[in-house]
Amino acid sequence: MLKLIQAIIITILLSTSTSAQIFKFSKEISFAKYLQNKDQIAEAEWVLHNVDTALLNSSEKDSLFFEIGWLAYNNKKLDTAAQFLQKVSSNDARYNQSIFFASYSNSFKSRYNNAYLILNKINASDSLLQELKQFELAGISLLNKDYSGYQKHKSSFSYNSYILNQEEQNFSTYEKSIFYRKDKSPFIAGLLSTILPGAGKWYAEKKKQAIGALLPILSAGILMLEAYNKSGIADARFWIYGTVFTTFYIGNIWGSAMAVKVRNTELKKLYEGKILLDMQIPLRKFFN
Amino acid sequence: MKVKFYLICKFLCVSFLIKAQQNINLVLAMQKETMGNYIEANVLYERVLFDDNNEENLMQGIKGKARCLKKINAFAKASDFLKQNINLISTDSNKCKIFEDLIVCAYLSNNLNEAISLINQITISYPRYINKNKLTLLHILSLNEEMKWQEAIAIYKQWLLTEKKDMTTAINTYSNIPKLKSKNKASWLSTFIPGGGAFYAKKPMEAIASIILQSAGVAYGFFCFNTGYYISTFLVGGGMAGSFHNGGVRRSEELINEYNKKVAVVFNENLKKEILLIFQ
């Protein structure tokens, strides 16, 4: 009897005293989430990145990769997010979420082929998930300017799902701008500015810049003409104002061509931003 | 057998009691802090806050992390951290200590209005526990940097009175309160007298440059007008004079801001040295 009591006491003490030393993965995850909730992001990252993966089983590893990836995603560290979310194995319950967001992170980083390949790994079982997958693939095709790919995935749109309806319709409007919009020509802008200073910038839809360019060129031109009328070509003022006029005039032609290039890039970025936003909204709705 | 049993029990009890009384993470955090590994120390201090209920340990955890953040000059972050965790502490004396730390962080992060408001709050909420000298010092320094010297001198005199110290020191210390210059006045001076605002801001070279540039514009305008270049008169002469005039007005306001700031910094630095000597 005494031996039994002794054995029980030792077991209790042993379990209590060693409880502090044993590494508990679930506790580490809770601790990281606690830090994240307190907005102590650097500390949360440190905790998760310092977990020894050798001590973890495969399901714990999946959890760790998901948590690191998700933390990075929420803090806009999309390279890290893509890297870790892709590591989550298909046995984990959050596999689909991980793959969708890993793909989205790659899309955001303009790695469209990677994003496409990652998302294609998903074997969507239910119809909504399947439509979501097709929607994301259509988005990647739009970003990649892949017309046939986009049409192929678009054919799966139902336009009646509560999480996708609005974004699917938006894609149809972007489609026209992405595939049928012709970029403005820097050459035409330059030519227009040669004929009338500032006209090239007006063509590039930079109307204030156009007026801003016209006024000093016009002023320098008038001053040059005044000097020429008063004293002819020999007057130093004619040469000074002439130099100012020529510099502004040529600079404006060059500037107009650049303004068109900037405008084309701005439009491209604008549509990329809209597409990426529309790709993210259904993901958030579906997985939250 | 009995001896063996007691020895085992003793060994296990010791590790159990150590765990219960002194949080191992706290000890490790302090070691890491001493070694300068602040991120690891921060994580360990957070672990204390995460899994300990003992108020003294929590207190050390909070103060430890705030200290680490202060050591890396992250005063605003330290201030946010203290605000976030103050509710973990229940006793008034400890809460008051956290508040004091919060005031120091607010002062060091140049959040002077917050520091002043916290000082007023703590004086009302925890009158029994406050470190009066430290708070008065911080209050005076914060008011000085906010350029509220009259309020600062009133608090300083009050403190000298309660401490039964010589009042003449306060009068001497604050005898040369700088007279700050008016931005509005500088702007009006520059509007009517070219370079007047810059002279007022004690920048004679800039004032002369402004006069020369504005005069050059006017002179060129006259020259062009006299020689029949009317368009040049308007566009070049008028344009130059007008632009330099408007620029001069705006620049004079800028110079007054710089002047006031410089004067206040110099005065406050001297004040700080003298006041710190008295409070030591």
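Residues numbered from 1 in each chain as written. Chains lettered and ligands numbered in written order. Predicted model: local features only at pLDDT ≥ 70, side-chain atom pairs only at ≥ 80, totals over all residues.

Draft legend 1. The arrangement of the overall build of chain A in detail. Along its length, chain A carries 14 helices and zero strands. In chain A, the order of α-helices and β-strands from amino to carboxyl end is α-α-α-α-α-α-α-α-α-α-α-α-α-α. Along the longest, intermediate and shortest principal axes, the C-alpha atoms of chain A span 125 × 45 × 25 Å. Residue burial in chain A is summarised as follows: out of 288 residues, 35% are buried. Within chain A, contacts between residues at least 6 apart in sequence are counted, and of these 55% link residues at least 24 apart. (Helix = DSSP H or I, 4+ residues; strand = E, 2+ residues; numbered from the N terminus. Buried ≥ 20, exposed ≤ 12 C-beta atoms within 10 Å, placed from the backbone. Contact = placed C-beta atoms within 7 Å.)

Draft legend 2. Just the overall build of chain B, in detail. The helix and strand tally for chain B stands at 14 helices and zero strands. The linear arrangement of helices and strands in chain B, starting from the amino end, is α-α-α-α-α-α-α-α-α-α-α-α-α-α. If you line up chain B on its principal axes, its C-alpha atoms span 125 × 50 × 30 Å. The buried share of chain B, reckoned over its 280 residues, is 32%. Once local pairs closer than 6 in sequence are excluded, the contacts in chain B between residues at least 24 apart make up 51%.

Draft legend 3. Here's a closer look at helix α2 (residues 24-35) of chain B. Residues and elements named next belong to chain B. Its twelve residues place the ends of α2 17 Å apart at the C-alpha level, agreeing with the 16 Å of an ideal helix rising 1.5 Å per residue. Of all the positions in α2, only Asn25, Leu26, Ala29, Lys32 and Glu33 are classed as buried. Angularly, the buried residues of α2 cover 125° about the axis, an arc narrow enough to put them on a single face. Turned more than 90 degrees from where α2 packs its buried face, Val27, Thr34 and Met35 sit exposed. Among the structural elements, α3 (38-51) and α4 (55-71) are those in contact with the buried residues of α2. Note on α2: the residue one or two positions beyond its end, Gly36, has a positive phi of about 85°. (Expected span 1.5 Å × (residues − 1). Arc of directions from axis to C-beta.)

Draft legend 4. Focus on the packing of helix α4 (residues 58-74) of chain A against helix α5 (residues 78-85) of chain A. Residue and element names in this part refer to chain A. At their nearest, the axes of α4 and α5 sit 7 Å apart, and the two run at 160° to each other. It follows that α4 is roughly antiparallel to α5 by the angle criterion. For the pair α4 and α5, the crossing hand works out as left-handed. On α5, the residues touching Phe65, Phe66, Ile68, Gly69, Ala72 and Tyr73 of α4 are Leu78, Thr80, Ala81, Phe84 and Leu85. Residue composition of the contact of α4 with α5, grouped by class: nine nonpolar, two polar and no charged. (Axes fitted to C-alpha atoms, helices over the stretch in contact; angles between N-to-C directions. Parallel < 35°, antiparallel > 145°, perpendicular 65-115°, else oblique. Left-handed = near helix turned anticlockwise from the far one by under 90°. Nonpolar A, V, L, I, M, F, W, Y, C, P; charged D, E, K, R; others polar.)

Draft legend 5. Quick look at the environment of Ser30 of chain A. Residues and elements named next belong to chain A. Mapped onto the elements, Ser30 comes out in helix α2 (residues 25-37). Judged by the 13 C-beta atoms lying within 10 Å of it, Ser30 falls in the partly exposed class. As a C-alpha pair, Ser30 and Lys201 span 171 residues in sequence and 57 Å in three-dimensional space.

Draft legend 6. Up close: unusual backbone geometry. Residue Lys145 of chain A is not a glycine yet carries a positive backbone phi of 55°. Following the sequence through the fold, Lys145 of chain A ends up in the loop between α8 (127-143) and α9 (147-154). Overall, Lys145 of chain A belongs to the exposed group, with 12 C-beta atoms counted inside 10 Å. Of note in this structure, Lys202 of chain B is not a glycine but carries a positive phi near 60°. Looking at where Lys202 of chain B falls in the secondary structure, it is placed in the loop between α12 (196-200) and α13 (204-226).

Draft legend 7. Just the packing of α8 of chain A against α9 of chain A, in detail. All names here are of chain A. Direction vectors running N to C along α8 and α9 enclose 160°, while the axes themselves pass 8 Å from each other. Classified by the interaxial angle, the pair formed by α8 and α9 is roughly antiparallel. Along this stretch, α8 crosses α9, giving a crossing that reads as left-handed. Each of Gln134, Leu137, Ala138, Ser141 and Leu142 in α8 lies in contact with α9, whose residues at this interface are Gly149, Tyr150, His153 and Lys154.

Draft legend 8. Spotlight on the domain arrangement of chain A. Residue and element names in this part refer to chain A. In terms of domain boundaries, chain A breaks down into domain 1 (33-123), domain 2 (127-181) and domain 3 (186-273). A straight line from the C-alpha centre of domain 1 to that of domain 2 covers 25 Å. Elements that contribute at least two residues to the side of domain 1 that touches domain 2 include exactly α6 (95-108) and α7 (112-120). Split into classes, the residues belonging to the side of domain 1 that touches domain 2 amount to six nonpolar, three polar and no charged. (Domains from an automatic or database assignment.)

Draft legend 9. Spatial organisation of the confidence of the model for chain B. Residues and elements named next belong to chain B. For chain B, the mean per-residue pLDDT works out to 88, and 92% of the residues sit at or above 70. In this model, residues 14-20 is a region of pLDDT below 50 whose contacts with residues beyond four sequence positions or in other chains number six contacts. Two summary scores accompany this predicted model of the complex, namely pTM at 0.76 and ipTM at 0.73. (pLDDT = per-residue confidence, 0-100.)

Draft legend 10. Local environment of the environment of Ile98 of chain B. Residues and elements named next belong to chain B. Relative to the elements of secondary structure, Ile98 occurs in helix α6 (residues 92-108). Distance in space between the C-alpha atoms of Ile98 and Lys63 is 7.5 Å, their sequence separation being 35 residues. Beyond its immediate sequence surroundings of up to four residues, Ile98 is in contact with Ile62, Leu82, Ile86 and Ile89.

Draft legend 11. Structural detail: the environment of Ile240 of chain A. Of note, Ile240 of chain A is situated in helix α14 (residues 236-287). Classification of Ile240 of chain A as partly exposed rests on a count of 15 C-beta atoms within 10 Å.

Draft legend 12. Here's a closer look at helix α10 (residues 165-180) of chain A. Residues and elements named next belong to chain A. An ideal rise of 1.5 Å per residue puts 22 Å on 16 residues; α10 measures up with 23 Å between its terminal C-alpha atoms. Most pronounced at Tyr174, the bend in α10 amounts to some 30°. Listing the buried residues of α10 in full gives Glu167, Glu168, Phe171 and Ile178. Where the residues of α10 are buried, they touch α8 and α14. (Bend = angle between axes of the 7 residues up to and from the residue.)

Draft legend 13. The confidence of the model for chain A, seen in detail. Here chain A averages 90 in pLDDT, and 92% of its residues register 70 or above. Per-residue pLDDT stays below 50 along residues 17-21 of chain A; that stretch engages in five contacts with residues further than four places along the chain or on separate chains.

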